[in-house]
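Given next are the chains, with one letter for each unit.
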Amino acid sequence: MTARTGRHFLQIPGPTNVPDQVLRAMSAPTIDHRGPEFAALTLRLLEAIKPVFGTSGPVVIYPASGTGAWEAALVNTLSPGDRVLAFETGHFATLWREMAGSLGLEVDRDFVPGDWRHGADPDVLAERLAADTAREIKAVCVVHNETSTAVTSRIADIRRAMDEAGHPALLLVDTISSLGSIDYRHDEWGVDVTVAGSQKGLMLPPGLSFNAVSSKALEASRTARLPRSFWDWQPIIEANKKGSFSYTPATNLLYGLEEALRLLDAEGLPEVYARHARHAAATRAAVRGWGLEVLCLDEREHSGSLTAVLMPEGHDADEVRKIILERFDMSLGAGLGKLAGRVFRIGHLGSFNDLTLAGTLAGVQMGLELAGVPIKKDGLGDALDLLRTE
Ligand SMILES: *Cc1c(COP(=O)(O)O)cnc(C)c1O
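This one's a predicted model, so the numbers in the text were calculated from it and none came from an experiment. (Residues numbered from 1 in each chain as written. Predicted model: local features only at pLDDT ≥ 70, side-chain atom pairs only at ≥ 80, totals over all residues. Heavy atoms only, no water.)

Quick notes on the site of the ligand
- For the ligand, the set of nearby residues contains 13 residues, the closest of which are Ser65, Thr67, Thr147, Asp174 and Lys200.
- At a separation of 2.6 Å, an oxygen atom of the ligand approaches a polar side-chain atom of Ser65.
- Asp174 has a polar side-chain atom sitting 2.7 Å from a nitrogen atom of the ligand.
- The protein chains hide 88% of the 380 Å² of surface that the ligand would expose on its own.
- Residue contributions to the shell around the ligand peak at three residues, all from helix H4 (residues 66-77).
- Split into classes, the residues belonging to the shell around the ligand amount to four nonpolar, seven polar and two charged. (Near = heavy atom within 4 Å. Polar contact = N/O pair within 3.5 Å; in protein donor to acceptor, adjacent residues only side chain to side chain. Areas by Shrake-Rupley, 256 points an atom, 1.4 Å probe, with all protein chains shown as cover. Helix = DSSP H or I, 4+ residues; strand = E, 2+ residues; numbered from the N terminus. Nonpolar A, V, L, I, M, F, W, Y, C, P; charged D, E, K, R; others polar.)

So, helix H14 (residues 379-389)
- All buried positions along H14 are accounted for by Gly379, Leu380, Ala383, Leu386 and Leu387. Burial along H14 is one-sided: seen end-on, the buried residues are contained in an arc of 125°. Along H14, the residues that are exposed and aim more than 90 degrees away from the buried face are Arg388 and Thr389.
- Elements in contact with the buried residues of H14: helix H11 (269-289) and helix H13 (354-370). (Buried < 20%, exposed > 50% of the residue type's maximum accessible area, 1.4 Å probe, protein only. Arc of directions from axis to C-beta. Contact = heavy atoms within 4.5 Å.)

Some points on the sheet that holds strand S7 (residues 170-174)
- Taken in spatial order, the six strands line up as S2-S9-S8-S7-S4-S3 in an open sheet, and their pairing is mixed. Every other strand in the sheet has two partners, leaving strand S2 (59-62) and strand S3 (83-86) as the edge strands with one partner each. Each neighbouring strand pair of the sheet contributes to a mean axis angle of 20°, computed without reference to strand direction.
- Sheet strands touched by helix H5 (residues 91-102): S3, strand S4 (137-143), S7 and strand S8 (193-197). Its angle to S4, the strand with the most contacts, is close to 150°. (Pairing = 2+ DSSP bridges. Axes fitted to C-alpha atoms, helices over the stretch in contact; angles between N-to-C directions.)

Some points on the domain arrangement of the protein
- Assigned domains of the protein: these are domain 1 (9-16 + 268-389) and domain 2 (20-265).
- Using only C-alpha atoms to locate each centre, domain 1 and domain 2 end up separated by 27 Å.
- Counting residues at the interface gives 33 residues for domain 1 and 32 residues for domain 2.
- Sorting the residues of domain 1 by area buried against domain 2 places Leu269, Tyr273 and Glu301 first, and these three jointly supply 24% of that buried surface.
- As a salt-bridge pair, Arg154 and Glu301 come within 3.2 Å of each other at their nearest N and O atoms.
- One can count 16 residue pairs in polar contact (both at pLDDT 80 or more) joining domain 1 with domain 2.
- Going through the elements one at a time, H11, strand S10 (293-294) and strand S11 (306-310) are the ones with two or more residues in the side of domain 1 that touches domain 2.
- Considering only residue class, the side of domain 1 that touches domain 2 consists of 15 nonpolar, twelve polar and six charged. (Domains from an automatic or database assignment. Buried area = accessible area lost by both parts, 1.4 Å probe. Salt bridge = Lys/Arg side-chain N within 4 Å of Asp/Glu carboxyl O.)

Overview of the nonpolar core
- Formed by 88 residues in total, the largest nonpolar core has its most connected members in Phe210 and Leu257.
- Broken down by element, the residue count for this core peaks at eight residues, all from helix H10 (residues 251-267).
- Each of two domains, domain 1 (9-16 + 268-389) and domain 2 (20-265), supplies a minimum of three residues to this core.
- Discounting residues that sit within four places of it in the chain, Leu257 has contacts with Leu45, Ile49, Ile61, Leu202, Leu204, Leu208 and Phe210.
- One finds Ala286, Val287, Val373 and Leu380 within the second-largest nonpolar core, a separate group that totals 29 residues. (Core = buried A, V, L, I, M, F, W, Y, C linked by side-chain atoms within 4.5 Å.)

And the structure:
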């Protein structure tokens with residue numbers, strides 16, 4: 001292993017690069033989580049986090065990865081045997097559905113298969129809900145930004161389909177790789193539980209996750225019968241009122257969260273979303289310039305936070321990633337599940353700017369060339385043209 005100089009390029013779609021300001025905030029001394037200073041921090045944080053979700057309701061914070069918040073969303077709102085409608089948008093949607101099954105929910109009857117190149121289809125949802133005349137489907141689960149495919153589902157259209165069907169099911173949405181990087185509106189889109197994590201758009205290390213909770217979901221939690229203890233919203237929301245938690249919170253990650261929220265607020269959320277959309281468009285320009293294919297097939301559904309690149313027949317995406325890591329000290333996302341070896345994923349979310357993107361795409365272009373993948377040479381130039389002019 002040769003000595004490394006400069007900064008590693010962490011261009012996987014999470015964990016993402018943690019800004020120096022956030023790392024510094026986290027290095028402050030750990031304090032008494034039952035003392036007045038910490039209570040004040042908690043109360044500030046619980047308010048400051050709401051705009052990122054687009055909610056005025058409660059946000060529950062867990063010292064856990066996103067997977068924990070998936071479980072929390074299910075066990076707080078549903079009862080054994082409840083029917084859950086889930087779309088097969090990719091690897092993460094599949095894992096969440098499997099978790100629901102293992103918790104004792106009925107996930108096979110209302111399964112909507114997919115090709116891993118499209119988001120959740122509002123028309124299919126409308127048909128399924130119309131057919132459920134007895135109103136037995138209790139929840140609809142959608143992954144907003146499917147990190148395995150770089151396809152973003154249209155949550156506002158999903159909500160419209162549910163409203164038009166007049167169906168009372170809860171809408172549960174995973175925003176683990178979109179919150180803080182792609183426009184999202186928990187209240188306006190009538191989402192009942194929004195699931196999020198710290199290590200992607202929020203620019204923190206892994207270790208925190210979130211549930212934003214609608215009043216309808218909170219109401220459902222009063223009668224939901226799936227077993228829960230640690231994940232139970234009620235004691236946490238109760239303790240939060242006084243700035244405390246019903247468990248020992250992740251003190252230093254919360255310091256980092258306050259700083260990350262300050263950074264997002266200083267840039268402005270609309271500007272943050274526009275920056276991500278612009279970098280995503282420049283990345284697609286590069287991919288198309290190389291003559292390669294972006295995995296997402298619907299122009300309305302391209303992810304703002306990452307891009308999945310399909311390899312030409314006979315070429316291994318993991319070989320390209322290996323060369324790029326060894327030669328240029330950059331990590332890219334691997335193909336997950338049935339996409340293993342067939343795609344690599346470029347993360348362009350979180351703490352990121354034009355020149356980080358230019359460096360990232362230069363590394364990808366050189367890696368493709370070194371791996372002998374046939375490309376047209378002008379992909380990076382196309383991305384730079386877009387960055388220069390817009
Ligand atoms: C990363 C990710 C997860 C898994 O979250 P963990 O923090 O790894 O538990 C779930 N869903 C999506 C969409 C993700 O991107």
